[in-house]
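Remarks on the overall topology
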Amino acid sequence: MLLGTRPAAGRFLRPSQTYTWSMRLRISRSNIHTDGRNRASNLWTPTLRVPKQAAQAETDINDWFIRAGLYRKAYSGIFHMLPLGLRVQDKLERLIDRHMQSVGASKISLSSISSQELWEQSGRLTKGSEVFRFQDRKEFKFLLAPTHEEEITALAGSLTASYRDLPLRVYQISRKYRDEARPRQGLLRGREFIMKDLYTFDFTVEEALKTYELVKSAYTRLFDELKLPYLTAAADSGNMGGSLSHEFHFPSPRGEDTVVSCSNCDSVYNEELADGKALASGTSAESTPGFDVSEKSEETNARVSTGLWMAISKDRKTLIRSWYPKFTVEDGVTDPVRRQVNSHAVKSIANAAGIDIDISIKNPLEQWAARANSKASSHGSTEKTRVVDMYDNLVHAYTRPPRRMLQEAGCAVENLRFTRLDTFPGTSNRLNLVNVLDGDQCPKCTQGKLKTHTAIELGHTFHLGTRYSEVLQATVKREDNKSVPMQMGCHGIGVSRMIAAVADCLVDNKGLNWPRAIAPFEVAIVPATDDVLADAEMVYDHLVAGADAASSTPVDAIIDDRAKNMGWKMGDADLIGYPVIVVLGRGWKEKQTLEVQCRRLGLRQDLPLDELSSVVRETLAQL
C-alpha cells in the first residue's frame, strides 16, 4: 500500500498538509542483533522524507511527529504510538512516578469502564456530556471514563472505615476517553489520551490543604526537570467542583487558555477566573470616562466606544445584555485598543445575581425572543420575561432600558421585566466585563502591569473538599464514632498532551528537539561508514558504562547502524531530535577524534574519546 492512500474509513497515514510526500519510507532494516546494545537497525522507525521546501515550512507538531516516526493517526483524534513515541511516553511516565512517590502516593490501575449510574449520582452526567456511552448485553449502562473521581471515591469509601486510615494518596497513569466534538492538533486535543490522576483523601480541611501544597510543590519540581519555561496559574475549578485549584501551563501560540501575569507581584491566573469586579469600588457612573450608549448607532468619543454582548439563561427566561467599552484609548497611545467581553466575568456576575447563564448559545436574542413571544401568546400567562442589563464601569448606564432591539425581535415590551446591574451584586464594586489587555493595571498590587500569555494546560491541581465524598457517601468514623465525609483532592497531568506540548516548544525547521528527561534516546552515535561500526560499538560501551567516575548514571544511547549513507542518518537524527549526536566521520579515521553536536545549544566540537563522556554529560545536564 502506498503512503497517502486511504486504507479504511477515517484512517490516514499522511499529515494534513497538501504538499506531495515522497513515496519513499525512511526505513532500513538489517539483521536483528541481540547483544543488548540499542541499535537503530533493531528499532521500527518509519520516518518520512518530504520535499525540502515543505519541511522548512512545517508548522504542525502533529506532522512533525508523523515524519519523525513517533506515531500514526488511526482515526479522528485517535493515534497508534510507535516505538520512538512510546519511549518518550515511558520516560515521562517514569518521571511522573518518581515525583508521585515523593509525596507517598501508591500506584493503582482503575478500569477504563465506569458506571453511568455513578456519574448520575455525582451530577456530572448530562445530555451534553462528552463521554462515550454504551450498554452491555444485559442493558447495564456504562461509559468509557474521561476521569475517575466517581470510581475512586466509591472504591476508597468502601475500603476506608476510620480516620486512622487516612491520609490516603493513590495515583494512576491510564488511558482516558472523551467524545470530543472537534479533535484537533494531534495529541493536544484527542478522543483517547493518557492521563495521570492523583487522588488524595484526608480527615480534615487543614490536612487536605497541607496535602494540596505538598502535591503542588511536587508538580513544580517535576516541571522544573524539563528545563522549559512554564506558568503556574490560579484557576477556575469548573465542573470538577471545589474551591481551590491551580494550573500548570506552557506558553504556546497553539494554546487554548489565556493566562494573565503581573510584572510586579506574584499574581498569575487563568482568564477564566475573572469575577466581573472592577479595580476600584464605590465609583459613580457620572465620574467614569464614557458616555450614554445610543440605540441609534455606536458613537465614539475621545475615550471609549460601546459594544453590546448578549447571552441567555439556561432556562431561556432571562436575556443578559452586557454593555462594554469596545475600544479604549490608553495613555500615550494614539490608536484605540479593541476590547472583547470576558464571558466568564459576565457569568460570575450573573451567578451572583442568581442567574445560571449559557454562554455557548450563538443566537441568544433570537432564542430568548422566541420563548418570550410564545409565553406572551399563552392565554392567562402573567409571568414576565426578564431582561438584565449589565454595564461595564467605563460605560454610562441608560436612564431607561433600551427597548428598540427587543421590539424589532417581535417582543411586547410591556410584558418584559427589566433589571439594571452596574455594581456587583451585594457589593459597591463597579463591573469589569472585558478581557485583560497587555499593560492593564494589576488589580492585586495596583502597581504592576498585566501581561497575557496564550498557553497549553498540562497539569491541574484541585482541592475538591467533599464535592464527591458527600454525594457518594465516602465517609470515615471519627473518635466519637460519628461518620464524616472525607476531604478529597484531585491532581492531574496530561501525559500525551505534554509530549506534544514539549515537542512544540522546541521544534525547529530541522526537526524535533527533546529535553534530556524525556528524549527517546539521549545520544545518537552515527558511524559514517560500515568499516567504523565496531568503533561505534566501542564508543557506545564507553558512554553507557558510565566511564565518568563522577556519575553513576549511564547515558541512554543508540547506534545508528543502518545501511544508509551519512547524510541520510544525520537527517534522521535531526528529525527525531536526539539531544546529542556523536559522529564517527573523517576526524575519527584521520585523528581519532569524535564530533559532538547539540543543535539546541549550538554545539559542534571535535574531541578525543577520553574526553567524550564528561563533555556529553555536561551537555546533557544543560538539557
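Note that the coordinates shown come from a computational prediction; the quantities given were computed from them, not determined experimentally.

1. Here we look at the overall build of the chain
Of regular secondary structure, the chain possesses 14 helices and 31 strands. Within the chain, contacts between residues at least 6 apart in sequence are counted, and of these 70% link residues at least 24 apart.

2. Some thoughts on the nonpolar core
Formed by 60 residues in total, the largest nonpolar core has its most connected members in F65, L512 and W514. Element by element, the count of residues in this core is highest for helix α10 (residues 495-506), at eight residues. Judged by nonpolar contacts, the second largest core, of 23 residues, contains V532, V539, L594 and L623.

3. Quick notes on empty space enclosed by the protein
Evaluation of the coordinates by the stated rule reveals two cavities of 30 Å³ or more. The volume enclosed by the largest cavity comes to roughly 80 Å³. Every residue lining the largest cavity is listed: A40, T45, A524, V526, I558, D560, R562, K569, D572, A573, I576 and Y578. Residue contributions to the lining of the largest cavity peak at four residues, all from helix α12 (residues 566-576).

4. Observations regarding the sheet that holds strand β8 (residues 141-144)
The antiparallel open sheet is built from three strands, whose spatial order is β6-β8-β7. The open sheet has two edge strands, β6 (113-115) and β7 (132-135), and neither has a second partner. For this sheet the average axis-to-axis angle between neighbouring strands, irrespective of direction, equals 40°.

5. Things to note about the pairing of strand β9 (residues 168-177)
Burial runs high along β9: eight of the ten residues are buried. For β9 and strand β10 (residues 192-202), the ladder comprises ten bridges, and the chain directions are antiparallel. Each bridged residue has a counterpart across the sheet, and for L168 the counterpart in β10 is F201.

6. Some words on the environment of R478
Relative to the assigned elements, R478 resides in the loop between β24 (475-477) and β25 (483-485). C-alpha of R478 to C-alpha of R164: the two residues are 314 residues apart in sequence and 8.6 Å apart in space. Leave out the neighbours within four places in its chain, and R478 touches Y163, F203 and V484. A distance of 2.7 Å separates the side chain of R478 from the side chain of D480, its partner in a polar contact.

7. Digging into the pattern of salt bridges
Applying the stated rule across the entire model yields 35 salt bridges. Across the pair K91 and D556 runs a salt bridge, and its minimum N-O distance is 2.5 Å. With K91 in helix α3 (residues 83-101) and D556 in the loop between α11 (533-544) and β28 (557-559), the pair connects residues that are 465 residues apart, well separated along the chain. With relative accessibility at 16%, the residue D556 sits in the buried group. Counted as one network, the salt bridges with shared partners bring together D35, R37, R39, E537, D541 and D561.

8. Digging into the packing of α3 against helix α6 (residues 205-225)
Close contact between α3 and α6 brings their axes to 9 Å; oriented N to C, the two are set at 150°. Put simply, α3 runs roughly antiparallel to α6. As for how α3 packs across α6, the hand of that crossing is right-handed. In this structure, α3 uses L95, I96, R98, H99 and M100 to contact α6, whose residues at the interface are A218, Y219, R221, L222 and E225.

9. Focus: the sheet that holds strand β29 (residues 580-584)
Spatial strand order, β28-β27-β29-β30-β31: five strands in an open sheet with mixed pairing. Two strands lie at the open edges of the sheet, namely β28 and β31 (603-608), each paired on one side alone. Here the average twist between neighbouring strands, direction ignored, is 20°. Sheet topology places strand β27 (residues 523-527) next to β29; five bridges connect them, and they run parallel. Residue pairing for β29: A524 is matched across the bridge by I581.

10. Focus on the packing of α11 against helix α14 (residues 609-621)
It is the contact of α11 with α14, at a shortest axis distance of 10 Å, that shows an interaxial angle of 50°. Put simply, α11 runs oblique to α14. The element α11 and its partner α14 pack so that their crossing is right-handed. Residue-level contacts link M538, V539, H542 and L543 of α11 to L609, L612, S613, V616 and R617 of α14.

11. Comments concerning the packing of aromatic side chains
Within this structure, the stated rule accounts for 15 aromatic pairs. Between F65 and W514, the aromatic rings sit 6.0 Å apart at their centres with planes inclined by 35°, giving tilted as the arrangement. Of this pair, F65 sits in helix α2 (residues 61-67) while W514 sits in the loop between α10 and β27, and the two are 449 residues apart along the sequence. The exposure class of F65 is buried, given its relative accessible area of 1%. Given the relative accessible area of 1%, W514 is considered buried.

12. Things to note about the pairing of strand β4 (residues 78-81)
Summarising the sheet, strand β3 (residues 71-75) and β4 pair through four bridges and their orientation is antiparallel. Within the sheet, the bridge partner assigned to K73 lies in β4 and is F79. In textbook terms, the turn of a hairpin is the stretch between consecutive antiparallel strands, and for β3 and β4 this stretch comprises two residues, one of which, G77, has a positive phi near 75°.

13. As for the environment of S129
Assignment of secondary structure puts S129 in the loop between α4 (116-122) and β7. Judged by relative accessible area, which is 18%, S129 ranks as buried. Measuring from C-alpha to C-alpha, the distance between S129 and D179 comes to 8.4 Å, with 50 residues separating the pair along the chain. A distance of 3.2 Å separates the side chain of S129 from the backbone oxygen of R124, its partner in a polar contact.

The rules behind each value
Residues numbered from 1 in each chain as written. Predicted model: local features only at pLDDT ≥ 70, side-chain atom pairs only at ≥ 80, totals over all residues. Heavy atoms only, no water. Helix = DSSP H or I, 4+ residues; strand = E, 2+ residues; numbered from the N terminus. Contact = heavy atoms within 4.5 Å. Core = buried A, V, L, I, M, F, W, Y, C linked by side-chain atoms within 4.5 Å. Buried < 20%, exposed > 50% of the residue type's maximum accessible area, 1.4 Å probe, protein only. 1 Å grid on protein atoms, 1.4 Å probe; cavity = no way out; pocket = protein on both sides within 12 Å on 5 of 7 lines; lining within 4 Å. Points joined across faces, edges and corners; volume = space filled by probe spheres on them. Pairing = 2+ DSSP bridges. Axes fitted to C-alpha atoms, helices over the stretch in contact; angles between N-to-C directions. Polar contact = N/O pair within 3.5 Å; in protein donor to acceptor, adjacent residues only side chain to side chain. Salt bridge = Lys/Arg side-chain N within 4 Å of Asp/Glu carboxyl O. Parallel < 35°, antiparallel > 145°, perpendicular 65-115°, else oblique. Left-handed = near helix turned anticlockwise from the far one by under 90°. Phe/Tyr/Trp six-rings, centres within 6.5 Å; stacked < 30°, edge-to-face > 60°.

Honestly, that's just the spatial picture; any functional story needs more than this.
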